[in-house]
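Coordinate inspection notes
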Amino acid sequence: AHTPQTPSGPPSMSALSDVPATPSTSEQGPGTERDKDQPSKHELGHHWSKINWKQVMNRQITADRMFMRSGLIRKDLIVNYCSEGDHPETFLGETLEGIESLLEEKQGGRFVCKYTDASNAYGMNFLDCSDQEKKRAGFDKLSAEMKLDNSPRVIQRYIEPKLIKDGVGEGTLHKFHLRALVIVVGDMDVFLYDELRVLIAPEPYSSSLVSSDKALGTLESRCVTAEGDKELSCLLHAHVTNQSFNKTHEKYVETKHNVALHECEELNCGDGDVASGAEGLWDQIRKICARTFRSLGKDKRKFMSLINTYEMFGLDFLVDEDDKAWLLEANPEPSMGMFHKTREEIEGVRDSCLNEGVGD
C-alpha cells in the first residue's frame, strides 16, 4: 500500500512493504556479550507472562504480543538492526571505567546514558565531554548511580535538536521528539499509524547540560522542588521530552506540548516537507521503520514474529538541526492517551489492519 506524503483525514495504519530494503550495516554492536542473557522481567512485561505460549506455538490461539522482541525494545540491541545513519552512535558500557575509556576514544562530544530496558526517561543521565570539568561532573554522578544498581548503561551520542516554538511562551524555542505507532502483524506485516505526535519540552531549550557544576539526570528530579534547585529542574525539563516525565511540570500544557504533526505549522508546510526543503519527516520515518523491521525479521532469536501474533510499539524519533529524523528507541505497550484517543478508537483501526494483514 502507498501512503501519501502528508497524512490527512482520519488516521489509519499504512503498510511499509513498498519501501526498498536497505540492509543493516551493523553486524556486531552493543549487547553482543549479553545475547545469552534471558529477557528481564521488565522487558517481558506482566501481560506477556500470562499468555499461554504453548497454545500459541500450536496455533490454537492468537496472542497480542510477539514471543520475542528484545532486538527492538532493548536499547543496547536495536542499534544492531538499524541502517547506518538511522540511529545515533550507540554503545554499551558495562562499567564506568569502560564507559570512560570508550568516550576518550570519541575525543569529546555530548552523550545520553540510559538503562538498557527502562522507560519513561527513568535513570537518564547526560554527559558533556567538551571539557574536563563538565566531564568529571557527569562521571561522578553516573558513578554514584552505577555503584548502587550495578547495571550497565547504553551510551548514545546526543543529537543536537531542531527547535520549535511551543505556542505557550513568548517566542521561546523548545526541544521536541516525534512518537510513532507501529503494529507488527503475523510474520511479518508492519503498519505505521498515520498520525505522528510532536512531544515538546515545557521549558525553553538551553545548550547547557550542567547546572551549578551538577550534571543532569532524571533520578534526582523527583527530589527537586520549587524551593530546591530550580535551575536543575528547568534544564531537565528543557532536555527531556518524555511526556510522562513532563506532564506534572508547572509549565506543561497538554494541548500545546502534545500536538499532531500535521497540525504543527513549524514542521509541516502543507505538502509534507519541512521548511528547509529536506525530505518530509513522514517519509523519513516510514523508510526508517521499513529498513529496521526488515533487518529485525532476519533474526528470529531477537525478534520472533509468528503468524498468529501481533503487537503495537511506540517508536521515538528526534529531528536534528538539519531536519533529519533519527530513531532513538522503541517502547512496548505505548500510551494511547498520548494520541488523544481511546484505546478502542486506536484498536478499531488496528483490527481492520489485522484482518487485511493476516489475510495477505
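Computed from a predicted model, the values in this text were never measured in an experiment. (Residues numbered from 1 in each chain as written. Predicted model: local features only at pLDDT ≥ 70, side-chain atom pairs only at ≥ 80, totals over all residues. Heavy atoms only, no water.)

1. Regarding the overall build of the protein
Applicable threshold: Counting from the N terminus, the helices are DSSP H or I runs at least four residues long and the strands are E runs at least two residues long. Working rule for contacts: check all heavy atoms of both residues, and any pair within 4.5 Å makes them a contact. Areas reported as accessible are Shrake-Rupley estimates using a 1.4 Å probe. Residue values count occlusion only from the protein chains shown.
Secondary structure summary: the protein contains 11 helices and 15 strands in total. For the protein, long-range pairs separated by at least 24 residues make up 73% of all intrachain contacts whose partners lie at least 6 apart in sequence. Carbon and sulfur atoms provide 49% of the accessible area of the protein, an area that totals close to 16300 Å².

2. A word on the layout of surface pockets
Convention followed: With a 1 Å grid spanning the protein atoms alone, the term cavity applies to any set of points in which a 1.4 Å probe fits but cannot get out, the term pocket to an open set with protein on both sides within 12 Å along at least five of seven lines, and the term lining residue to any residue with an atom within 4 Å of a point. Grid points are joined across faces, edges and corners, and a volume is the space filled by probe spheres set on the points. Here the term charged refers only to Asp, Glu, Lys and Arg, the term nonpolar to Ala, Val, Leu, Ile, Met, Phe, Trp, Tyr, Cys and Pro, and the term polar to all other amino acids, Gly among them.
What the largest pocket holds in volume is close to 900 Å³. The wall of the largest pocket is formed by 45 residues, among which Asn 120, Asn 242, Asp 316, Glu 329 and Asn 331 lie closest to the centre. Breaking the lining of the largest pocket down by element, the ones donating at least two residues are helix 1 (41–44), strand 3 (110–114), strand 5 (153–157), strand 8 (176–185), helix 8 (243–246), strand 14 (310–319) and strand 15 (325–332). Residue contributions to the lining of the largest pocket peak at 5 residues, all from strand 15. Here the lining of the largest pocket is composed, by residue class, of 20 nonpolar, 13 polar and 12 charged.

3. Some points on the packing of helix 5 (residues 96–106) against helix 6 (residues 132–149)
How two helices pack is summed up by the angle between their axes together with the distance between the axes. Heads up, the rule is: A fitted line through C-alpha atoms represents every axis, and for helices the fit uses only the stretch in contact; the resulting angles, taken between N-to-C directions, go from 0 to 180 degrees. An angle below 35 degrees is read as roughly parallel, one above 145 as roughly antiparallel, one from 65 to 115 as roughly perpendicular, and any other as oblique. If you view the pair so one helix is near and one far, a crossing is left-handed when the near helix is turned anticlockwise from the far one by less than a right angle, and right-handed when it is turned clockwise.
For the pair helix 5 and helix 6, interaxial distance at closest approach is 10 Å and the crossing angle is 155°. As far as their axial angle goes, helix 6 and helix 5 are roughly antiparallel. Considering how the two elements wind past one another, helix 5 and helix 6 form a crossing that is right-handed. Listed contacts from helix 6 to Leu 96, Ile 99, Glu 100, Leu 103 and Glu 104 of helix 5 are Lys 135, Arg 136, Phe 139, Leu 142, Ser 143 and Met 146.

4. Let's talk about the packing of aromatic side chains
Inclusion rule: In this analysis, rings of Phe, Tyr and Trp, with Trp reduced to its six-membered ring, are considered paired at centre separations within 6.5 Å, and the interplanar angle assigns stacked below 30 degrees, edge-to-face beyond 60, and tilted for intermediate values. Note on exposure labels: buried denotes an accessible area under 20% of the residue type's maximum, exposed denotes more than 50%, and partly exposed covers the range between, all computed with a 1.4 Å probe on protein chains only. Put simply, a charge is over a ring when the Lys NZ or the Arg CZ is close to the ring centre, within 6 Å, and near the line of the ring normal, within 35 degrees.
Throughout the structure, instances matching the rule amount to 9 aromatic pairs. Between Trp 48 and Trp 53 the ring centres are 5.3 Å apart and the planes differ by 35°, which places this aromatic pair in the tilted class. On the basis of relative accessibility, which here comes to 10%, the residue Trp 53 falls in the buried class. Chaining the aromatic ring pairs together yields one cluster made of Trp 48, Trp 53 and Phe 67. Against the face of Tyr 158 rests Arg 110, its NZ or CZ located 4.9 Å from the ring centre. If you follow Lys 324 out to its NZ or CZ, it ends over the ring of Trp 326, 4.6 Å from the centre.

5. Re the sheet that holds strand 3
Worth spelling out the cut-off: The pairing criterion is simple: DSSP has to find at least two bridges between the two strands.
Across the sheet, which stays open at both edges, the 4 strands sit in the order 2-5-3-4 with antiparallel pairing between neighbours. Of all strands in the sheet, those bounded by a partner on one side alone are strand 2 (90–93) and strand 4 (125–128). Averaged over all adjacent pairs, the angle separating strand axes in this sheet is 25°, with direction ignored. Both strand 3 and strand 5 contribute to a ladder of 4 bridges, which runs antiparallel. The residue of strand 5 that forms the bridge with Cys 113 is Ile 155. Across the sheet, helix 5 lies against strand 2, strand 3, strand 4 and strand 5, angled at about 150° from strand 2, the strand it touches most. The sheet contacts of helix 6 involve strand 2, strand 3, strand 4 and strand 5, and relative to strand 4 the element is tilted by about 145°.

6. Considering the confidence of the model for the protein
Stated formally: On a scale of 0 to 100, pLDDT captures the predictor's confidence in every residue.
Across the protein, pLDDT averages 80, with 76% of residues at or above 70. Overall, residues 17–36 carries pLDDT values under 50, and its contacts beyond four positions in sequence, including any with other chains, amount to 46 contacts.

7. Some words on helix 6
Selection criterion: To estimate how far a helix should reach, multiply one less than its number of residues by 1.5 Å.
With 18 residues, helix 6 should cover 26 Å at 1.5 Å per step; its first-to-last C-alpha distance of 26 Å lies within 8% of that length. Buried within helix 6 we find Lys 135, Ala 137, Gly 138, Phe 139, Lys 141, Leu 142, Ser 143, Glu 145 and Met 146. Residue Asn 150 follows helix 6 closely and has a positive phi angle near 55°.

8. Overview of the pattern of salt bridges
Applied cut-off: For this analysis, a salt bridge means a side-chain nitrogen from Lys or Arg found within 4 Å of a carboxyl oxygen belonging to Asp or Glu.
As enumerated under the stated definition, the model contains 20 salt bridges in all. Glu 89 is paired through a salt bridge with Arg 157; the nearest N and O atoms lie 2.8 Å apart. Linking Glu 89 in the loop between helix 4 (70–73) and strand 2 with Arg 157 in strand 5, this pair joins segments that are 68 residues apart in sequence.

9. Re the side chain of Asp 76
This is how it is decided: As used in this structure description, the phrase polar contact means that two N or O atoms lie within 3.5 Å; if the pair is within protein, one of them must be able to donate a hydrogen and the other to accept it, and residues adjacent in sequence are counted only when both atoms belong to side chains.
Looking at the element boundaries, Asp 76 is found in the loop between helix 4 and strand 2. Within polar-contact distance, the side chain of Asp 76 engages the side chain of Arg 74 at 2.7 Å.

10. Considering the pairing of strand 4
Side chains of strand 4 alternate between two faces, with Asn 125 and Leu 127 and Phe 126 and Asp 128 buried alike. In this structure, strand 3 lies alongside strand 4, joined through 4 bridges in antiparallel fashion. Across the sheet, Val 112 pairs through a bridge with Phe 126, a residue of strand 4.

11. Some thoughts on the nonpolar core
For clarity, the cut-off: To form a nonpolar core, buried Ala, Val, Leu, Ile, Met, Phe, Trp, Tyr and Cys residues must be joined to one another through side-chain atoms within 4.5 Å.
Leu 72, Leu 178, Val 198, Ile 285, Phe 293, Leu 315 and Phe 317 are the most contacted members of the largest nonpolar core, which totals 36 residues. Here this core takes 7 residues from helix 10 (residues 281–296), the largest share from any one element. Once residues within four sequence positions are removed from consideration, Phe 317 is found in contact with His 177, Leu 178, Ala 180, Ile 285, Ile 288, Cys 289, Trp 326, Leu 327 and Leu 328. The next biggest cluster of nonpolar side chains, apart from the first, holds 13 residues, and it includes Ala 121, Tyr 205, Leu 236 and Val 240.

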